[in-house]
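# Topology and contacts: notes
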2 protein chains.
Amino acid sequence: MKKYGFGVDIGGTTCKLGLFSVEGELLEKWEIPTVTENGGADILEHVAAAIEGKMAQRAIPPERVLGIGLDTPGVIEQNGVVKQAANLGWRDYPAEQVLAGRTGMKVCICNDANAAALGEFWKGGGMGYSDMVMVTLGTGVGGAVILDGRIRSGVHGIAGEIGHITIHPEETVPCGCGKHGCLEQYASATGLVRVARKLIQKQEAQTTLKDTPELSAKQVLAAAKQGDAVGLKALEILGKALGFSLAAVSQVIDPEVFVIGGGVSKAGEILLAAVKKYYIPEVLPAGRATEFALAVLGNDAGMYGCMKLLLDKTE
Amino acid sequence: MKKYGFGVDIGGTTCKLGLFSVEGELLEKWEIPTVTENGGADILEHVAAAIEGKMAQRAIPPERVLGIGLDTPGVIEQNGVVKQAANLGWRDYPAEQVLAGRTGMKVCICNDANAAALGEFWKGGGMGYSDMVMVTLGTGVGGAVILDGRIRSGVHGIAGEIGHITIHPEETVPCGCGKHGCLEQYASATGLVRVARKLIQKQEAQTTLKDTPELSAKQVLAAAKQGDAVGLKALEILGKALGFSLAAVSQVIDPEVFVIGGGVSKAGEILLAAVKKYYIPEVLPAGRATEFALAVLGNDAGMYGCMKLLLDKTE
């Protein structure tokens, strides 16, 4: 009988590995470095060796292992081929097939943003819901849509890309995507710092923040919590942009819950309050009942999501 | 063996009835007036009598009839109760149960906007696709989302309500919903006339249009087709509002096709061109491949959708 599974979250710097029971308990987690030399050709060899090492160490025979759930950055095609993952050096790389061939195990692959959402859905902030939209406020703004417990990546792979909903078409600074005024420009960690810098330069309000090269989203949010005028204003701009965007999302697919993750979400309730302040009046009345939750799994979300993907694809 | 089914589209003025083969062919269609007196208590009696009359006329025995698909305006709950349909006088009215009880047939009910979308999906502009978003540019702007061939009405019933996505938060005129700057205020037939009136009043450009109480969307669109500056500008404003909104929709659920219906869609290619002009640069590149189609079933869409609903619920 199958008793175990592995969830592997491959990032540009480290691979996070988790050994799970098939009931979904994380039994052990560890990390190995992601070696991106040679176009990332050795990454999966290292993952395979780490998994085999763990199995040997715990005396787990292969017949007890369901398989490996894997996530990577970038666009992944239906057939398990990573179309492009610049951080890893992969391009049209059949990762699912390579790891399955190397280990002799069942391998399922998905995009890292979708894996994190699936993890939060399964064991985190979205637990107990069936329709969830995840928003990740990190370096950029990522998103993922889960309906009836299934990730919807869309016909062209752009479902859940709410970071690039246009909020301020009149914005003069371009977004990383080339458009102007995307949500990401105001609601990501980078966006929050950018907005705070502009406010500091304007010198309209007293602030403890300084426009140093080291100014971080964490500092801006900490200042907001202490009542700093610039910190609060930057948070307000973030809340407005995200509140408007999520109202639009509700009027497209109307989920049960929004789960907010990523570094910026560490601000907690003050962040949710800033978003809801604009979401509530912007959404049609029936949508006001949609719940807001914070992500809880942090960096483990991807591993959990990989394990869930493996379980879903096994049923 | 079941050979026939009825699709019944109940509107505020008339009920449109269709006799279909189970293969989906519309064999005959006719209308009866919607009698809204007595809080609409007689509407379903008239529908039942019309169906029985047709069966008698064509000598169709009840055992050959699959049932009745029914749509009505308003919000419909999962249990077949019409929560509120102001045009019909219904409130918390168990329409599905009433008609099933009266006729002894299987009855399935859904909202009219969803039925029209399902009809276009099955036999109209969305035929052959699996993920479609329908936009109806009529008195208001309606919408519906179909994923994997299924209507998604959302957890609180507001999925597809893209007419109330905020486009211009700075708008001073309120929308019918109470918010300001909703898509509906620029892209509905009413919105198009409103925008044209404002442009006429400004007298910035020569125009053949006059600000009469009778000014209609049809006139504005006809003027646009003839190169009238005000007509073209109003169409441009509509295209921009809808193009931006649909780019947001793609970045939430990324459908294969947008089907545009309602009175305004009779403008045809000139309308699609105006929308795509703004959609293409606004959406992430992968979303540029999403197709645009015009609705083709007109007022028959609801009947078709009702028959499809009946078939779906029978399988």
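One can find the structure itself at the top, above this paragraph.
Quick summary incoming for the structure in this document. The model shown is predicted, which means the values in this text are computed figures rather than measured ones.

The two copies are related by a screw operation: chain B maps onto chain A through 180° of rotation and 0.0 Å of translation along the axis, at an RMSD of 0.0 Å. Taken together, the rotation and translation describe the operation of a two-fold axis. A shared binding surface is used by both copies, with 100% of the interface residues of chain B retained as interface residues in chain A.

Bringing the nonpolar core into the picture now. Formed by 104 residues in total, the largest nonpolar core has its most connected members in Leu246(A) and Leu246(B). Among the elements that take part in this core, helix α8 (residues 229-253) of chain A stands out by supplying 13 residues, more than any other. Those residues in contact with Leu246(A), other than ones at most four positions away along the chain, are Val135(A), Ile162(A), Phe258(A), Ile260(A), Val275(A), Tyr279(A) and Phe292(A).

Once that is clear, we can look at the sheet that holds strand β8 (residues 107-111) of chain B. Residues and elements named next belong to chain B. Ordered in space as β3-β2-β1-β4-β8, the five strands form an open sheet in which the pairing is mixed. Of all strands in the sheet, those bounded by a partner on one side alone are β3 (26-33) and β8. In this sheet, neighbouring strand axes are inclined to one another by 20° on average, regardless of whether the strands run parallel or antiparallel. Across seven bridges, strand β1 (residues 4-10) lies against strand β2 (residues 14-21) in antiparallel orientation. Paired with Phe-6 across the two strands is Leu-19, which belongs to β2. Packed onto the sheet, helix α2 (residues 43-57) meets β1, β2, β3 and β4 (65-72) and runs at close to 150° relative to β1.

Our focus in this paragraph is unusual backbone geometry. Residue and element names in this part refer to chain A. Even without being a glycine, Asp-148 presents a positive backbone phi close to 50°. Here Asp-148 lies in the loop between β10 (141-147) and β11 (150-152). With a phi angle near 55°, Gln-203 is a residue other than glycine that sits in the positive phi range. Structurally, Gln-203 can be placed in the loop between α6 (189-202) and α7 (217-225).

Residue and element names in this part refer to chain B. What helix α3 (residues 95-103) keeps buried is the set Ala-95, Leu-99 and Thr-103. Seen along its axis, α3 keeps its buried residues to an arc of 45°; they face one direction. Opposite the packed face of α3, turned more than 90 degrees from it, sit the exposed residues Gln-97 and Gly-101. Buried residues along α3 sit against α2, β4, β6 (82-85), β7 (90-93) and β8. Count one or two residues on from α3 and you reach Gly-104, which has phi positive near 70°.

The next point concerns a positive patch on the surface. Residues and elements named next belong to chain A. A surface patch of like charges, here positive, comprises Lys-198, Lys-202, Lys-233 and Lys-240. Breaking the positive patch down by element, the ones donating at least two residues are α6 and α8. Its location among the elements puts Lys-202 in helix α6.

With 40 residues of chain B at the interface, the matching set in chain A holds 40 residues. Interface area, chain B with chain A, both sides summed: about 3,100 Å², of which 62% is carbon and sulfur. In terms of surface lost to chain A, no three residues of chain B exceed His156(B), Ile158(B) and Val252(B), which account for 21% of the buried area on that side. At the boundary of chain B with chain A, the tally comes to eight salt bridges. A salt bridge links Arg150(A) to Asp148(B); the nearest nitrogen and oxygen atoms lie 3.4 Å apart. For the pair chain B and chain A, the number of links is 26 residue pairs in polar contact (both at pLDDT 80 or more). When residues of the side of chain B that touches chain A are assigned to their parent elements, the largest contribution, four residues, is made by helix α8 (residues 229-250) of chain B. Here the residues of the side of chain B that touches chain A sort into 20 nonpolar, 11 polar and nine charged.

This part takes up the environment of Ile158(A). For Ile158(A), the location among the structural elements is in the loop between β11 and α5 (184-187). On the basis of relative accessible area, Ile158(A) is assigned to the buried category, the value being 6%. For the pair Ile158(A) and Ala144(A), spaced 14 residues apart in the sequence, the C-alpha separation amounts to 9.3 Å. With sequence-adjacent residues up to four places away left out, Ile158(A) is seen in contact with Ser153(A), Ser250(B), Gln251(B), Asp254(B), Val283(B), Leu284(B), Ala286(B) and Gly287(B).

What counts and what doesn't
Residue numbers run consecutively from 1 along every chain, following the written order of its sequence. In the order they appear in the text, chains get letters beginning with A and ligands get numbers beginning with 1. Local features in this predicted model are restricted to residues of pLDDT 70 or higher, and side-chain atom pairs are both shown and tallied only at a pLDDT of 80 or more, whereas totals for entire chains, interfaces and linings draw on every residue. As a rule here, side-chain values cover all heavy atoms of the structure and leave hydrogens and water aside. Our superposition of the copies is a least-squares fit, built on the C-alpha atoms of residues whose pLDDT is at least 70 in both. Note on contacts: a residue pair qualifies if any of its non-hydrogen atoms lie within 4.5 Å across the two residues. Only buried residues count toward a nonpolar core. Its members are Ala, Val, Leu, Ile, Met, Phe, Trp, Tyr and Cys residues joined through side-chain atoms within 4.5 Å. Partly exposed describes any residue whose relative accessible area lies between the buried limit of under 20% and the exposed limit of over 50%, with all areas from a 1.4 Å probe on protein chains only and scaled to the type maximum. Going along the chain from the N terminus, every DSSP run of H or I of four or more residues is numbered as a helix, and every run of E of two or more is numbered as a strand. Paired strands, in this sense, are two strands between which DSSP finds at least two bridges. Helix axes are fitted to C-alpha atoms over the stretch in contact, other axes to C-alpha atoms as well, and angles between N-to-C directions run from 0 to 180 degrees. Directions from the helix axis toward the C-beta atoms define the arc. Residues forming no salt bridge and having over 30% relative accessible area are the ones grouped into patches, like charges within 9 Å of each other and nonpolar side chains (Val, Leu, Ile, Met, Phe, Trp, Tyr) within 5 Å. Here the open area of atoms and residues is found with the Shrake-Rupley method and a 1.4 Å probe, where only the protein chains shown may cover a residue. Any Lys or Arg side-chain nitrogen found within 4 Å of a carboxyl oxygen on Asp or Glu counts as a salt bridge. Counting rule for charge: Lys and Arg are taken as positive, Asp and Glu as negative, and neither His nor the chain ends is counted. Lysine's charge is taken at NZ, arginine's at CZ, aspartate's at CG and glutamate's at CD. The term buried area means the drop in 1.4 Å probe accessible area that two parts suffer when joined, counted for both and summed. Any pair of N or O atoms that falls within 3.5 Å is considered a polar contact. Within protein, one atom must be able to donate a hydrogen and the other to accept it, and sequence-neighbouring residues count only if both atoms are side-chain atoms. All residues other than Ala, Val, Leu, Ile, Met, Phe, Trp, Tyr, Cys, Pro, Asp, Glu, Lys and Arg, Gly among them, are scored as polar; the first ten of these are nonpolar and the last four charged.

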